[in-house]
There are 2 protein chains.
Amino acid sequence: MAVKSDIEIARMAQKKPIMEVGAGLGIPAEQLAPYGHDKAKVGADFIRSLADRPDGKLILVTAINPTPAGEGKTTTTVGLGDGLNRIGRKAMICVREPSLGPCFGMKGGAAGGGYAQVIPMEDINLHFTGDFHAITAAHNLLAAMIDNHVYWGNALEIDMRRITWRRAMDMNDRALRQMVGALGGVANGFPRECGFDITVASEVMAILCLAEDFFDLERRLGGIIVAYRRDKSPVFARDLKADGAMAVLLKDAMQPNLVQTLENNPAFVHGGPFANIAHGCNSVIATKTALKLVDYVVTEAGFGADLGAEKFFDIKCRKAGLMPAAAVIVATVRALKMNGGVKKEDLGREDVATLTRGCANLGRHIANVRRFGVPVVVAINHFTTDTDAEVAAVKDYVSRHGADAILCRHWAEGSAGISELAQRVAELADGGQAEFKPLYADAMPLMEKIETVASKIYHAGEVTADKAVRDQLIAWEKQGYGSLPVCIAKTQYSFSTDPSLRGAPEGHVVHVREVRLSAGAGFVVAITGEIMTMPGLPSAPAAERIFLSDEGNVEGLF
Amino acid sequence: MAVKSDIEIARMAQKKPIMEVGAGLGIPAEQLAPYGHDKAKVGADFIRSLADRPDGKLILVTAINPTPAGEGKTTTTVGLGDGLNRIGRKAMICVREPSLGPCFGMKGGAAGGGYAQVIPMEDINLHFTGDFHAITAAHNLLAAMIDNHVYWGNALEIDMRRITWRRAMDMNDRALRQMVGALGGVANGFPRECGFDITVASEVMAILCLAEDFFDLERRLGGIIVAYRRDKSPVFARDLKADGAMAVLLKDAMQPNLVQTLENNPAFVHGGPFANIAHGCNSVIATKTALKLVDYVVTEAGFGADLGAEKFFDIKCRKAGLMPAAAVIVATVRALKMNGGVKKEDLGREDVATLTRGCANLGRHIANVRRFGVPVVVAINHFTTDTDAEVAAVKDYVSRHGADAILCRHWAEGSAGISELAQRVAELADGGQAEFKPLYADAMPLMEKIETVASKIYHAGEVTADKAVRDQLIAWEKQGYGSLPVCIAKTQYSFSTDPSLRGAPEGHVVHVREVRLSAGAGFVVAITGEIMTMPGLPSAPAAERIFLSDEGNVEGLF
């Protein structure tokens, strides 16, 4: 039998009407705003009505450092949610919304894979419920109001050289990275350097994902720093009176999106900030709402655990008061082999020795996650090329580190292939072993926070930074931002800042090239190395192969 | 009793569930994709199934030249639809979607007024069903693919100086009008001049509004000219293989949006191209679908009849094979007085003499619309300041021109205030007097088409144009675009190109400054005077006063 593609599987799904999925969660029809028959937004009044309910258990799915071999973190998140439901637990998943731009570039869409997907896949990957468009609009309204303010006399005395707020577009378009705008004479304003970031890199995205409710959203939007004056004092979005209109634009985007998995289990797909310059998790409001609706909420963090889990714990959980009960670290035999040094073209060959060497990467992630007081289980996401000896080697390695590694076949078999992991996760979560605590205290100085993450999570030997960077951090502390967590933008491919350094490097140097203050979102970004906030398209973009078939199916997106 | 604001009236409305409104039109629930409980998109399969049904009667609502006094064209369109339903006729309206950008600028939102509105007003004025965002994304995907193509070697030999496709954003942002992009070195591409237009000015918008169905949409998108080579041969969107992905992005946007009026009558609100550089009408697919569903379809055209009705007839009806049965010209006593020379601050004073002089503007529009073979009735949209003598003067003037002018009070009274007009319109439409024909034949040379509109509709004495413009038109004729209609971009405030020339000027000179080919949409734009395709924000933008109240209401948008 030929293996079916993700999209073929998704199209075969017997979808439940979304109002029925919502009813299964106890959401009344009038509090569920449908978008078509298979997507809906949960009403704010209903969410407010949940406040007094007890919380379910929060389970984080994270992963080893990604390699070109693929790990299947979202697939495992979806599979685990289905698996928990299969063994009779009331569970749902919370994942991020994919970005539109990259769909037309290299990779096509993504919403899980195989028999562990959220649907409707095409919609989720295209406009979905319009959240990202709303974020783009709110972001660009603020940008327009800045230039407009300067145009009409600049009463706030904005230093035009110090406007930090760029524009946003949900598109891979390298030509927009660096521009000179407002050319063409008096009527078009004052020419200045400007540029666009992709929408997922917008601070508005991070704010939407961290806001507790609509009024917290508005307050955070007002706190965005858009520019500085000549005396270096900050100018806020609220100084421009932009916060109200931005929040209005985000009114619907703020509400969690309910969809379903292939097995008709509920899923929130909501928000999607970058995992480098932002915290890389779905929205707080979706996660918190889900915790009120079911007993187990499975969520994921971006990239590997060094970036994703650390930010999930130190930014999202800290800020939102979430207490994760268990964590799953996803690994594949293939990715561990690459971490050990196997080249992609040699992945088909059994190689237990190199695999075991690569397990060092997994071992460190296990230790790191435990450092946050969260119990861990490893999911080996099965590929057909994995040999028994290889799987045994991983299990053996993990067991020597005091945890279990469980082989999962959810990609091929759906929930039936992941029951054992589900069982183990439920036990862990119910076991009450978790004693979550963030890595550092709020009161720690900003530079020390960066050093703490670098030494304890990355195992770096040293953090370097120019005086200007250190001075900037101190200046922000004086302005009252010292208690914010740090958000380190680092390559996702390594514990170090060198993407080619796989495995578990030690004693490397982390150089902080630049720091940025996301005052509205509430974190300080430390940039190590080159971080691309506006991707480009490849030489043969996926867009060239995307079309609608005569049957009305979207082809080429996946 | 205090007069209620539009938004207060809209909030008091007893909305029917949109599925019920759809059921009233015979649309099965599974062919109606809901967006919330009060908006829905009509499915493509259902629309296809209507092909063999007979068409209802198409009624155009147009107006005299706009003045700062306001005319109430959309209000009258909505009122007339309600009025026809009130007198027992099965009717619906088709109007344009408002643009997001201008809501944050001067004017706030718009969806009719008083007791003649379409609802939900806030949603319609904000993101609605995401159509404009989809158009923006499709537009900008094409733009990204152009620069990306050049970046990766420029196999199509695009002359970078001759890239005509700009970018789009649904925002008033003057800083984006003229830019230099792709700065910053090799990785960002080749620097070049570029800029943004507001989304309603995008050719993608015009295409969506003229396309018969999804496959016609894709074909037209492919025919967009994005650039020229050094030899001046055109490069098309299909050469970049962008048409398929653009069409996929527009898959849902292509489907008409069903909402309702305050009186629970059905309304399609779909598409909204500019009425200067484009044709200014709602989508062909909405109008054609409505004609299959009801006996009377009331629709409107942009600006005054010189621009809006002419383009409705010569572009939309010609291209789509529509046969309008009757037309309503909306006038107000106030606007006619301004056309006669009264200043805005003096509008409160009775002035029959100046009013009668201003009626010349109305008289010419009556004659012009008749020239297309469409019978006319005038709607006097009542303002409380109108005196009996003034109303009588307008009625008398119109009657001397062989038509009826009917006083309408739909703004204050809803359908009850517009029954007489509804009755007269139904008689006209049923009377079979209409013998619609466009103003000029397809075969007429392009320059002659411009001259024909200028002389017959504008009563201009002469059309002037530089040799370059004339040569360009001839070149396009040689390339096979000679049979396209022309779309004249002219000030909406006058029959002439001088916005201060009110009334019915004669013998003026129309200078064609520039011509543009919208090859995908299928018309040639002739630009007379300055046409702004990216508005700016005023010194105190409406955005500063927009916020969400504690009760969850959007405040300040209206």
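Figured I'd write up the structure that's included with this text. Nothing here was measured: the structure is a model prediction, and the numbers come from that model.

Describing the overall build of chain A
Line of reasoning, step 1. Broken down by element type, chain A carries 19 helices and 26 strands.
Line of reasoning, step 2. For chain A, the C-alpha radius of gyration of 23 Å lies close to 24 Å, the compact-globule estimate for 558 residues.
Line of reasoning, step 3. Each of the three principal axes of chain A carries a C-alpha extent, and together these read 70 × 55 × 50 Å.
Line of reasoning, step 4. Counting all 558 residues of chain A, 65% fall into the buried class.
Line of reasoning, step 5. Once local pairs closer than 6 in sequence are excluded, the contacts in chain A between residues at least 24 apart make up 75%.
Line of reasoning, step 6. Only carbon and sulfur atoms are counted for the fraction: they give 51% of the accessible area of chain A, which is about 18,800 Å².

Topic: the state of the cysteines
Line of reasoning, step 1. Under the counting rule described, the total for this entry stands at zero disulfides over all chains.
Line of reasoning, step 2. Take A:Cys359: it sits in no disulfide, and the sulfur closest to it among the cysteines is that of A:Cys408, at 15 Å.
Line of reasoning, step 3. A:Cys359 sits in the buried class, given a relative accessible area of 0%.
Line of reasoning, step 4. B:Cys194 carries a free sulfur, and the closest cysteine sulfur to it, the one in A:Cys194, is 9.1 Å from it.
Line of reasoning, step 5. The class for B:Cys194 is buried, based on a relative accessible area of 12%.

Remarks on the interface of chain B and chain A
A common way to express how large an interface is: the accessible area buried when the components associate.
Line of reasoning, step 1. Facing the 68 residues of chain B at the interface are 68 residues of chain A.
Line of reasoning, step 2. Area buried by chain B at its contact with chain A is led by B:Arg174, B:Val248 and B:Leu548, which between them contribute 11% of it.
Line of reasoning, step 3. The salt bridge partner of B:Arg167 is A:Asp173, with a shortest N-O separation of 2.9 Å.
Line of reasoning, step 4. Summed over the shared surface of chain B and chain A, the number is 27 residue pairs in polar contact (both at pLDDT 80 or more).
Line of reasoning, step 5. At the level of secondary structure, the elements contributing two or more residues to the side of chain B that touches chain A comprise strand S1 (32–34), helix H7 (131–151), strand S8 (167–169), strand S9 (179–181), helix H9 (214–222), helix H10 (243–249) and strand S25 (547–548) of chain B.
Line of reasoning, step 6. With ten residues, H7(B) is the largest single contributor of residues to the side of chain B that touches chain A.
Line of reasoning, step 7. Residue composition of the side of chain B that touches chain A, by class: 41 nonpolar, 15 polar and twelve charged.

Observations regarding the packing of helix H13 (residues 333–340) of chain B against helix H15 (residues 388–400) of chain B
In a packed pair of helices, the relevant descriptors are the angle between the two axes and the axis-to-axis distance.
Residue and element names in this part refer to chain B.
Line of reasoning, step 1. Here H13 crosses H15 at 75°, and the two axes come no closer than 11 Å. Considering their axes alone, H13 and H15 lie roughly perpendicular with respect to each other. Here H13 contributes Val 333, Leu 336 and Lys 337 to the contact with H15, which in turn contributes Glu 390, Val 391 and Val 394.
Line of reasoning, step 2. Looking at the contact of H13 with H15, its residues break down into four nonpolar, no polar and two charged.

Things to note about the packing of helix H4 (residues 73–86) of chain B against helix H17 (residues 419–430) of chain B
Residue and element names in this part refer to chain B.
Line of reasoning, step 1. Where H4 meets H17, the axes come as close as 8 Å, and the angle between the chain directions of the two elements is 80°. Looking at the two axes, H4 sits roughly perpendicular to H17. Residues Leu 80, Gly 83, Leu 84 and Arg 86 of H4 pack against Ser 419, Leu 421, Ala 422, Val 425 and Ala 426 of H17.
Line of reasoning, step 2. Considered class by class, the residues forming the contact of H4 with H17 number six nonpolar, two polar and one charged.

Observations regarding the side chain of B:Ser496
All names here are of chain B.
Line of reasoning, step 1. Tracing the chain through its elements places Ser 496 in the loop between strand S21 (486–489) and strand S22 (509–512).
Line of reasoning, step 2. With a relative accessible area of 2%, Ser 496 lands in the buried category.
Line of reasoning, step 3. There is a polar contact of 2.8 Å between the side chain of Ser 496 and the side chain of Ser 494.
Line of reasoning, step 4. Of the polar contacts made by the side chain of Ser 496, one reaches the backbone nitrogen of Asp 498; its length is 3.0 Å.
Line of reasoning, step 5. Among all residues touching Ser 496, those that are not within four sequence positions of it are Lys 490, Thr 491, Leu 501, Pro 505 and His 508.

Topic: the pairing of strand S15 (residues 266–269) of chain B
The side chains of a regular strand alternate between both faces of the sheet.
Residues and elements named next belong to chain B.
Line of reasoning, step 1. Of the two faces of S15, both are covered, the one formed by Pro 266 and Phe 268 as well as the one formed by Ala 267 and Val 269.
Line of reasoning, step 2. Of the strand pairs in this sheet, strand S4 (residues 91–95) and S15 are connected by three bridges, and their pairing is parallel. Bridged to Val 95 within S15 is Val 269.
Line of reasoning, step 3. Alignment of strand S14 (residues 257–261) against S15, held across three bridges, turns out to be antiparallel.

Quick notes on the pairing of strand S3 (residues 57–63) of chain B
Residue and element names in this part refer to chain B.
Line of reasoning, step 1. Counting buried residues in S3 gives six out of seven residues, a clear majority hidden from the surface.
Line of reasoning, step 2. Relative to strand S16 (residues 296–300), S3 runs parallel, the two being bridged by five bridges. Of the residues in S16, the one forming a bridge with Leu 58 is Val 297.

As for the sheet that holds strand S7 (residues 158–163) of chain B
Residues and elements named next belong to chain B.
Line of reasoning, step 1. The strand order S7-S12-S13 describes an open sheet built from three strands, whose pairing is antiparallel. Across the chains shown, the open sheet's two edge strands, defined by having one partner strand only, are S7 and strand S13 (234–236). Averaged over all pairs of adjacent strands, the angle between their axes in this sheet comes to 50°, without regard to strand direction.
Line of reasoning, step 2. Both S7 and strand S12 (residues 225–229) contribute to a ladder of two bridges, which runs antiparallel. Following the sheet pairing, Ile 163 is matched in S12 by Ala 227.
Line of reasoning, step 3. This element, H7, spans S7 and S12 of the sheet and lies at about 135° to S7.

Things to note about empty space enclosed by the protein
Line of reasoning, step 1. Under the defined criterion, the tally for this structure stands at seven cavities of 30 Å³ or more.
Line of reasoning, step 2. Computed from the structure, the largest cavity encloses a volume of approximately 210 Å³.
Line of reasoning, step 3. Surrounding the largest cavity, 19 residues form its lining, A:His133, A:Thr136, A:Asn140, B:His133 and B:Thr136 being those nearest its centre.
Line of reasoning, step 4. Elements with a contribution of two residues or more to the lining of the largest cavity: helix H7 (131–151) and strand S8 (167–169) of chain A together with H7 and S8 of chain B.

Brief notes about the packing of aromatic side chains
Line of reasoning, step 1. Across all of its chains, the model carries twelve aromatic pairs over all chains by this definition.
Line of reasoning, step 2. Seen from their ring centres, A:Phe214 and A:Phe215 are 5.4 Å apart, and the 85° between their planes marks the pair as edge-to-face.
Line of reasoning, step 3. By the ring-pair criterion, three or more aromatic residues cluster together here, those being A:Phe312, A:Phe313, A:Phe372 and A:Phe436.
Line of reasoning, step 4. The aromatic ring of A:Phe236 is capped on one face by A:Arg238, whose charged end is 5.6 Å from the ring centroid.
Line of reasoning, step 5. Sitting over the face of the ring of B:Phe495, B:Arg364 holds its NZ or CZ atom 4.7 Å from the ring centroid.

Cut-offs used in this document
Residues numbered from 1 in each chain as written. Chains lettered and ligands numbered in written order. Predicted model: local features only at pLDDT ≥ 70, side-chain atom pairs only at ≥ 80, totals over all residues. Heavy atoms only, no water. Helix = DSSP H or I, 4+ residues; strand = E, 2+ residues; numbered from the N terminus. Rg over C-alpha atoms; globule rule 2.2 N^0.38 Å. Buried < 20%, exposed > 50% of the residue type's maximum accessible area, 1.4 Å probe, protein only. Contact = heavy atoms within 4.5 Å. Areas by Shrake-Rupley, 256 points an atom, 1.4 Å probe, with all protein chains shown as cover. Disulfide = S-S within 2.5 Å. Buried area = accessible area lost by both parts, 1.4 Å probe. Salt bridge = Lys/Arg side-chain N within 4 Å of Asp/Glu carboxyl O. Polar contact = N/O pair within 3.5 Å; in protein donor to acceptor, adjacent residues only side chain to side chain. Nonpolar A, V, L, I, M, F, W, Y, C, P; charged D, E, K, R; others polar. Axes fitted to C-alpha atoms, helices over the stretch in contact; angles between N-to-C directions. Parallel < 35°, antiparallel > 145°, perpendicular 65-115°, else oblique. Pairing = 2+ DSSP bridges. 1 Å grid on protein atoms, 1.4 Å probe; cavity = no way out; pocket = protein on both sides within 12 Å on 5 of 7 lines; lining within 4 Å. Points joined across faces, edges and corners; volume = space filled by probe spheres on them. Phe/Tyr/Trp six-rings, centres within 6.5 Å; stacked < 30°, edge-to-face > 60°. Lys NZ or Arg CZ within 6 Å of the ring centre and 35° of its normal.

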